[in-house]
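So you can see what is in the structure, the chains are spelled out below.
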Amino acid sequence: MEKRLRSSLRSSPEDFLSSAANLNLKSSKLTLKSLIHSVSLSSPIASSLPSALHRSITDSILSFQNLLDHPDPAKSPPSKRHRRSSRSSKSRSEVDSESNEYQKQQVLDHLHVFAHIARLCAFHPGNAISHAELLPAVRALHDNLRIFESDAVLSNEIASLCEEWWKEDLPEREMLVSQTLPFLLSRSLTLQKKVDVHRVYSLRDAFNLFDFEDESIEDLKMLLMRCVIAPLYLKTEDGRKFLAFIFGLSSQHAKEALAMIKSQIPFGRKSMLEAYGDVLFRAWKGLEGDLRNEIEDGFLQGLVDGAIHARSEALAASIRRVLGGFINQRTTDGVEKLLFRLAEPVIFRSLQVANSNVRQNALYLLLDLFPLEDPDVTKEVKDTLLDKQFFLLERLLMDDCPDVRVVAVEGCCRILHLFWEIIPSPTITKMLTKVFDEMSHDLCSEVRLSSLNGIIYLLGNPQSHEILKVLLPRLKHLMLDKILIVRVALVDLLLLLRDNCSFQFNKVVDLSVLLNTLATDQSPVAQKITRLLLPSYFPSRLTTEEACNRCVTLMMRSPLAGARFCEFALLEGASPKSLMQLVKVFVGLILSNKKLEAAQIEGLLVASSNICSYLVTEPSQRDALKELFSGEKVKCLFAAASAGRAQSSIFNIASTFSSENGVSLLEDCMGLVTDCSDLSKNVEKQAEVRSAHKLLVSCDALDDMLEVLTRHLQKTAYRCHIKFGTEVSKQSPFSVKRKKCKVKNAKWKHVSGKKSSNFEDDYSVAVGISWQIKDLLALEDTRKAILGSQAMDHVFAALKVLSEVSIVQCMNCEYMDPYPILAYTGLALHMADSSRSTSEAMLDQVINHLLVCTDKLFGAGDSGMPVKSPSDTKQENGNRARHRGSRHREPKKDASSSSESGSVNAKQQQTSSKVKVLTAVLKFIIDSIAMDFVPHLHGSCLKFTSAHTQNIISAMQLLSINKPQLKEENSKDIIMCLRSSFSYAAKLLNLVLKASSEASEPPNEALKLVNDLLDLTASSELYLGSSCTSSLITAAKPWVPDLILALGSACMLKQSQAEEAYSTVSSLIKLGFPSWPQILAKIELSETSEGSLEEEGDHSISEPDEFSGFKRLMETIVSLLKGKSNLLDAVGLILLTCSVVGLERKDFGLVLGLLHFVCVKLIGQENKEWNGLDMMLVSLPDIYPHIEREMEEQSHEEERNKLQTARALLEPVWMYHVYETGRFSVMEE
C-alpha cells in the first residue's frame, strides 16, 4: 500500500489523492503522515498538492450536495439482483434509498481522508507546503461544515483543523471561525464534556471578530445565551472564565446575559448561584467604562435592593449568594468601595423600617458585608460607622419580630467570632451580656436555640474563652427548657466544653440537674447526656473493675439516671464485655446482704434489663447471660423487687432467654395482668403489663391468661345485665379442657379469690382487660393466638355487652370508658379479616348493634338505622322492653355518681366520656368501610356521623358555659376527639364518594354531613376559642378537597339536569339549614360594610372577628375551586340556595353576605357572566326577582340598602342573560 501511494505521489497529486481516497483512513494514517512529511520544500509536489487537494475537496462537496438535494439512482452501481421470495422482498424505492446512502457514505469517507491530508499539510514539520496555497482547501471544508453535521467525526476533524489553524496564527485565520465557533459551542452544549468547554475558551478571542449588532448571527448569540445557563459552563473553571469574557463582546449582549442570570436567581441551586457570583466578579474585573457601569449600577444595585426587599427569605438568600461573588473578593482593589457605595444608602434605613421581613433581609445582608466601611475615609469616620452598626445590631437583638431576633443573635456571635480583636471590649461585654441574660430567656424557642448555636460557634475563637467561663453558667436554666431541641443544643454545648480543657461542664450545669434530666428526659437528650458522662462513670481507659465501681456509684446516687445511663452505654461506645461484667456486679449487689433502698434495687434491675436488651444481640454474650439468670436466681431477684417497674424488668429479662427461667414468675405475671383497674390511663403500668405479656407468650401461657381474663369479662357482663338490664348471650360459662397448666391453681385466686366491692370496680378491671386485648391484637403473634383461642367467642360476647353499656350509660356513669368498644370493634375487624366468608354478616351485626346503642344514647331515629326485618324488630323491641323494665330495679343514674351529678366537673367528665365513646364507634365504622366491608350501610353510617358531629357541637356548647371551670384534662380530651372525629368523618366522605358513580350516586346524607363538619369548625371557634380551631384546621387541611366534593355531591352527577339538581339541593338545605352560611355571611358583611351593621339573626353567633380560623378554611376552599368550573358551579348552587332561604326568612344580611361571597370571591372578575355555571343560573330566577319584590315592600332603610347592594351584585349577570342570551325574560323580573 505504501509503495503504491508513494508511486502515485511521484506521478501526480491527483493520482495520490485518488489512491488515498480509496484507503481505510484508520489503517493508513501512519503511511499518509510519513509520505506527506517526506515532501521537501523544493519538491514539485509541494506546490501542486494544495491545488489538487482543493479540487478534490470541492468535487466531493459538490457530489455530496447533489446527493442531498437530487439523489440520482441511475448513477449508482447496479445492486445485486435478489431471488424473488415472499418472505424477503424490497421495493424499488427502498433499494434506491440504500444506494443513495451508500454513495453519501463513500463521499464522506473521501472527505475524511482529504481533511486528514489537509491537516498533515498544514502542520508539516518543515513548513514545505505553503499555507496560503492550502487555505482554499481548508476554507472549503470550513465553509461547508454545517452540511456534514450527520457525520460527527468528520465535523470534529474539520473543526479541529480550523482550531489549530487559529491557535498557530496562520494566514487568514479569521476566515476559518464563522462556522467553527458555532459548531464548538453546539458540541459543548450537546455532549456536555469539559474538553469541549476548554476548546471554546481557547478560541475566545475569535468571538471579537463578529459584529454582535448584525442580525445574521442571531444563532450564535442564542448559543452564547444557552451557555449562560448551562451547568457545565458554570461548574468548570474555563466555563466561568468564558462566561465572564462574553460580557465584553457588546453592551447589548451584556444586558441580555445579565437578564438571563437574573431570571435564574429565584430557581437556581446554591452551586449555580455561587458560580454566577464568580462569573460576574470576573466580568466586572475585566471590564471598563460603560460595560462595568452596567454591571455595577444596572445589575448589582438591583441585587442589593432585591436582597433587602425580596418577597421571601429563600429568594433573599439566593440573591445574597450571587452577591457573595463580590463579598468574598472584598480584598480586591475597588470591591470594598463598590459594596459600600451600593449598600450604604439603603441598608441602614432598611434596618429600621416597620416591615419585619425587610429588617430581617437587611440584617442578613449587613452580616454578610460586616464591617461595612468606606476604604477612602479617615479612621474616625470608619469608627463612627462601625459604632452605628453595633448600635443597630444591639437594637435588633431586642426586635419585636422573633425571626429578626434569631438572625441577630446568631449574627452577633458570628461577628464576635470573626472580629474579636478589632471590637472594643465594652461592646463585646454589652453584646454577650444581652445574649446570655436576655436572649437565652426569650419567649421564642427559636431565639433561645439560636443563642446556644451562636455560643457554640463563638467557642471556636480561643480569645473568647476567658469571658465565656464567667457567662456560661447563666445558661443552666435551659437544661429544663420545655422545648426538646433547646435541651439537645445545650447538651451539645456541654459536650463541646467537655472536650476543651479550659472548661468544666459541671460548672455550667450542676451534676444533680444533669442526672435528673438523664432520668426523666426524652431519648435524644438522655443519650447525649450518657455520652457526656460516659468518660466519668464508665471510662474505657480504666480497668473494668474500676469502671464498674464508678457506675455503681452513679446507681447509688441516682438509680433512675443510672438506669438510663446503662440504656445508652453500649450505643455510645462501651464494650459488650465490660457491660456484661457490669450486669454481674449489679446482680451480685442485689443478691448480697447489703441493705439497699427499694429505689436503688429498682434502678439496678432496670439498668440490668436495659443492658440485657442490647447484649442479647451479641452472640458472644448470650450464653453468659442465660447462665447468669438461671431459674432460682431470677426468683431471688424477683423477691428482692418490690416496685412494679423493678418486677417488669425481671419479666423482660426472663422472657429474653428461655421459658424455663420464667416459669416460676407466671403466677406473678397473672396477678399483674388481672390487677388492671387503672391500666388505660397509667402509662407506666401499661409498660409493666406488656412485659408480663411478653413473658407469658415466651412461656406458652397466653391461653391460660386469656381464660382468666375471659372469666372476669363474663362476670362483669353478667353484672351489667343485673344492673342495667342489658341482654347477655345465652352461652354457657367458659370452660375448656386444657393441657396441664403452667401457672398451677394459684392463678385463680386473682379472680375468684377477690370479691369486688361494687360494679364500678369490676367495670374498671374490665376496661383494663379491654386495653390488654386491644394491645395484644396490635402484634401479629399475639393476634393469631387470640383469634385461634377457644376463648375468643366468649371474649367477643362479653365485650359486646360491655360496649353496649359503655355507650348507653356514658352520660349516667362518668367512669364509662371507650376501651371496651375499641377492643370489641378491633376484635370484630380482625375476625372479619381472617375469615372473609362470614365477615360481612358478622360486621353487619356489629355495626347494627352499635348503631342501636347510639340510637338509645341520641334518642330514637338519630343514628339512621336501616329497616329491620320483622324478627329483628321483634327482638329489638323485646330488648328495649327489658331495658325499660330494668329501670324499676335500678335507677337510671348510678349511685356512685348521683351525688356529683349536679357538679360542673361531673358534667364535664360525662360529656368527655360521651364524645370519646362515640369517636370509638366512628373509628370502627371508618375502618370497616376502608376494608371494603358493609358497602350497603353507607347511608346509615353517614347519618350516625352527622348525629355524632352535632353531639360534639352540643358538647362544646355545654362546656363553654362553664369554660373558666373547664378541667385541662377534659379540654384536651375534647380537642383530641374533635380532631379525630373530623378526620374520621372526612375520611368517611372520601370513601363514600370513591364508591359513587353516575349509576350509584352518593347518598344525600353526604351533603348533610359536610354541612355539619363546617358547622363544627365554626362552632369550635365560637365555643372553645381560636386555639382549638387552629388545631382543628390543621387536621382538616388534608381533607378540604373531600369536603368540596361532598358539598357538591348532591348535584355533581346531575350536571345535565340543572333544574333537578337545584330542586334536590333546595329540598335538602331547607330540611336542615346549617349555621355556617350565617357565619360566612357575617364575615363578608364585616369586611365590606363601611359602618357597623346591626346584629341580625341568631344572637348566639359571635362577632365575625372571632371566626378567623373558619375564614382561613373558606379561603382555602375558594383557592381550590379556582379553575374547576363544575365544582364551583355545585358549591355556588349550595350558597345561592341558602340565599333563597334567607330571602324566605327575610334575613337580608344573610342574603347580602352570601351573594357578596359568591360574586366577589368565588367567581370574581374572571367570569362576570357566569358562563358554564348552569346550575347557579337555574337558581337565579328565584333570587333576583325576589330581591326586587322585597325592595318594593321594604320600608326599613337599612334593610333596603342591603337589598340594593345584593341586587347590584347580581344585576350584571341577570341583565346579560336577559338581553344577550335570552335565558331569562323581562316577565320573570
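Criteria and thresholds
Residues numbered from 1 in each chain as written. Predicted model: local features only at pLDDT ≥ 70, side-chain atom pairs only at ≥ 80, totals over all residues. Heavy atoms only, no water. Helix = DSSP H or I, 4+ residues; strand = E, 2+ residues; numbered from the N terminus. Buried < 20%, exposed > 50% of the residue type's maximum accessible area, 1.4 Å probe, protein only. Areas by Shrake-Rupley, 256 points an atom, 1.4 Å probe, with all protein chains shown as cover. Contact = heavy atoms within 4.5 Å. Phe/Tyr/Trp six-rings, centres within 6.5 Å; stacked < 30°, edge-to-face > 60°. Lys NZ or Arg CZ within 6 Å of the ring centre and 35° of its normal. Salt bridge = Lys/Arg side-chain N within 4 Å of Asp/Glu carboxyl O. Polar contact = N/O pair within 3.5 Å; in protein donor to acceptor, adjacent residues only side chain to side chain. pLDDT = per-residue confidence, 0-100. Patch = residues over 30% accessible without salt bridge, like charges linked within 9 Å, V, L, I, M, F, W, Y side chains within 5 Å. Lys, Arg positive; Asp, Glu negative; His and termini not counted. Charge placed at Lys NZ, Arg CZ, Asp CG, Glu CD. Axes fitted to C-alpha atoms, helices over the stretch in contact; angles between N-to-C directions. Parallel < 35°, antiparallel > 145°, perpendicular 65-115°, else oblique. Left-handed = near helix turned anticlockwise from the far one by under 90°. Disulfide = S-S within 2.5 Å.

**Q** Just to check I follow, could you spell out the overall build of the protein chain for this structure?
**A** In terms of regular secondary structure, the protein chain is built from 60 helices and 0 strands. Burial statistics for the protein chain: of 1229 residues in total, 53% are counted as buried. Looking at the protein chain as shown, the accessible area adds up to about 56300 Å², and 50% of this sits on carbon and sulfur atoms.

**Q** Whenever I open this one, helix 9 (residues 194-202) confuses me. Can you help?
**A** Given 3.6 residues per helical turn, the α-helix brings residues three or four places apart onto the same face. Regarding helix 9, the residues found buried are Asp196, Val197, Arg199, Val200 and Tyr201. In this structure, the buried side of helix 9 is in contact with helix 7 (152-167), helix 8 (180-191), helix 11 (231-235) and helix 12 (237-246).

**Q** I'm lost on the environment of methionine 1175 in this one. Help?
**A** Considering the arrangement of structural elements, one finds methionine 1175 in helix 58 (residues 1174-1179). Residue class for methionine 1175 comes out buried when judged on its relative accessible area of 0%. As for methionine 1175 and glycine 1132, which are separated by 43 residues in sequence, their C-alpha atoms are 8.4 Å apart.

**Q** Whenever I open this one, the packing of aromatic side chains confuses me. Can you help?
**A** Any pair of aromatic rings gets described here by the distance separating the centres and the angle formed by the planes. All chains considered together, the criterion is met by 17 aromatic pairs. Relative to phenylalanine 651, the ring of phenylalanine 638 has its centre 5.4 Å away and its plane inclined at 25°; by these criteria the two rings are stacked. Of this pair, phenylalanine 638 sits in helix 33 (residues 631-640) while phenylalanine 651 sits in helix 34 (residues 644-657); the two residues are 13 residues apart in sequence, bridging distant segments of the chain. For phenylalanine 651, a relative accessible area of 1% translates into the label buried. For the ring pair phenylalanine 759 and tyrosine 763, a centre distance of 6.0 Å and an interplane angle of 35° mean the geometry is tilted. You can see phenylalanine 759 and its partner tyrosine 763 sitting in helix 39 (residues 759-777), 4 residues apart, about one turn around the helix. Neither residue differs from the other here; phenylalanine 759 and tyrosine 763 are each classed as buried. Sitting over the ring of tryptophan 284, arginine 292 keeps its end group 4.1 Å from the ring centre.

**Q** Just checking my understanding: could you explain the pattern of salt bridges for this structure?
**A** In a structure, side chains of opposite charge can pair up when their charged atoms sit close to one another. Tallying each qualifying case throughout the model produces 50 salt bridges. Taking the shortest distance from any N to any O, the salt bridge between lysine 430 and glutamate 394 comes out at 3.3 Å. With lysine 430 in helix 21 (residues 425-437) and glutamate 394 in helix 19 (residues 379-397), this pair connects stretches of sequence that are 36 residues apart. A relative accessible area of 47% places lysine 430 in the partly exposed class. Its salt-bridge partner being lysine 685, residue aspartate 678 comes within 3.3 Å of it at the nearest N-O pair. Three or more residues are tied together by salt bridges with common partners; here these are Glu163, Lys167, Arg187, Asp196 and Arg199.

**Q** Before we go on, may I ask you to explain the environment of aspartate 481 in this structure?
**A** Among the secondary structure elements, aspartate 481 is positioned in the loop between helix 23 (465-471) and helix 24 (484-498). Classification of aspartate 481 by relative accessible area gives buried; the value is 9%. For aspartate 481 and histidine 441, which are 40 residues apart along the polypeptide, the C-alpha to C-alpha distance reads 9.7 Å. With residues up to four places along the chain from it excluded, the contact list for aspartate 481 reads Arg448, Val486 and Arg487. Within polar-contact distance, the side chain of aspartate 481 engages the side chain of arginine 448 at 2.6 Å. Among the polar contacts listed, one links the side chain of aspartate 481 to the backbone nitrogen of isoleucine 483, at a separation of 2.9 Å.

**Q** So what exactly am I meant to see when it comes to the confidence of the model for the protein chain here?
**A** Should the pLDDT be low somewhere, the predicted coordinates at that spot are not to be read in detail. Here the protein chain shows a mean pLDDT of 84. Residues at 70 or above account for 88%. Low pLDDT, under 50, characterises residues 78-82; the stretch is placed with 1 contact to residues that sit more than four places away or in other chains.

**Q** What am I meant to see in a negative patch on the surface here?
**A** Residues Asp211, Glu213, Asp214 and Glu215 make up a contiguous surface patch of negative charge. Structurally, the position occupied by aspartate 211 is in the loop between helix 9 and helix 10 (218-228).

**Q** What's the story with the environment of serine 1027 in this structure? I'm lost.
**A** By the secondary structure assignment, serine 1027 is in helix 50 (residues 1026-1036). Overall, serine 1027 belongs to the exposed group, its relative accessible area being 59%. Here the alpha-carbon distance between serine 1027 and glycine 1109, two residues 82 residues apart in the chain, equals 8.9 Å.

**Q** Sorry if this is basic, but what is going on with the side chain of aspartate 196 here?
**A** Structurally, aspartate 196 can be placed in helix 9. Judged by its relative accessible area of 2%, aspartate 196 falls in the buried class. Separated by 3.1 Å, the side chains of aspartate 196 and arginine 187 make a polar contact. If we ignore the near neighbours within four places in the chain, the residues touching aspartate 196 are Arg187, Ser188 and Leu191.

**Q** What is the right way to read unusual backbone geometry from this model?
**A** Residue phenylalanine 370 is joined to proline 371 through a cis peptide bond whose omega torsion reads -5°. With respect to the secondary-structure elements, proline 371 resides in the loop between helix 18 (356-369) and helix 19. Its identity is not glycine, yet aspartate 169 carries a phi of approximately 55°, on the positive side. Structurally, aspartate 169 can be placed in the loop between helix 7 and helix 8.

**Q** Would you explain the side chain of aspartate 399 in this entry?
**A** Positionally, aspartate 399 belongs in the loop between helix 19 and helix 20 (402-419). Taking relative accessible area as the criterion, aspartate 399 reaches 10% and is therefore assigned buried. Reaching out from aspartate 399, the side chain makes a polar contact with the backbone nitrogen of cysteine 401 at a distance of 2.8 Å. Apart from the residues within four sequence positions on either side, aspartate 399 is in contact with Arg359, Val404 and Arg405.

**Q** Help me understand the packing of helix 53 (residues 1058-1071) against helix 56 (residues 1125-1145) in this model?
**A** Axes are the key here: two packed helices are described by the angle between their axes and the distance separating the axes. Direction vectors running N to C along helix 53 and helix 56 enclose 55°, while the axes themselves pass 10 Å from each other. Classed by the angle they form, the pair helix 53 and helix 56 counts as oblique. Every pair of crossing elements has a handedness; the one defined by helix 53 and helix 56 is right-handed. Taking contact as the criterion, the partners of Ala1061, Tyr1062, Val1065, Ser1066, Ile1069 and Lys1070 in helix 53 are, on helix 56, Leu1133, Ile1134, Thr1137, Cys1138, Val1140, Val1141 and Glu1144.

**Q** Explanation requested: the state of the cysteines in the structure shown.
**A** Each disulfide is one covalent bond, formed between the sulfur atoms of two cysteines. Per the stated rule, a full pass over the model turns up 0 disulfides. Cysteine 444 provides the cysteine sulfur closest to cysteine 401, a residue in no disulfide bond, and the two sulfurs are 8.8 Å apart. Looking at the unpaired cysteine 720, the closest cysteine sulfur is the one in cysteine 813, lying at 9.7 Å.

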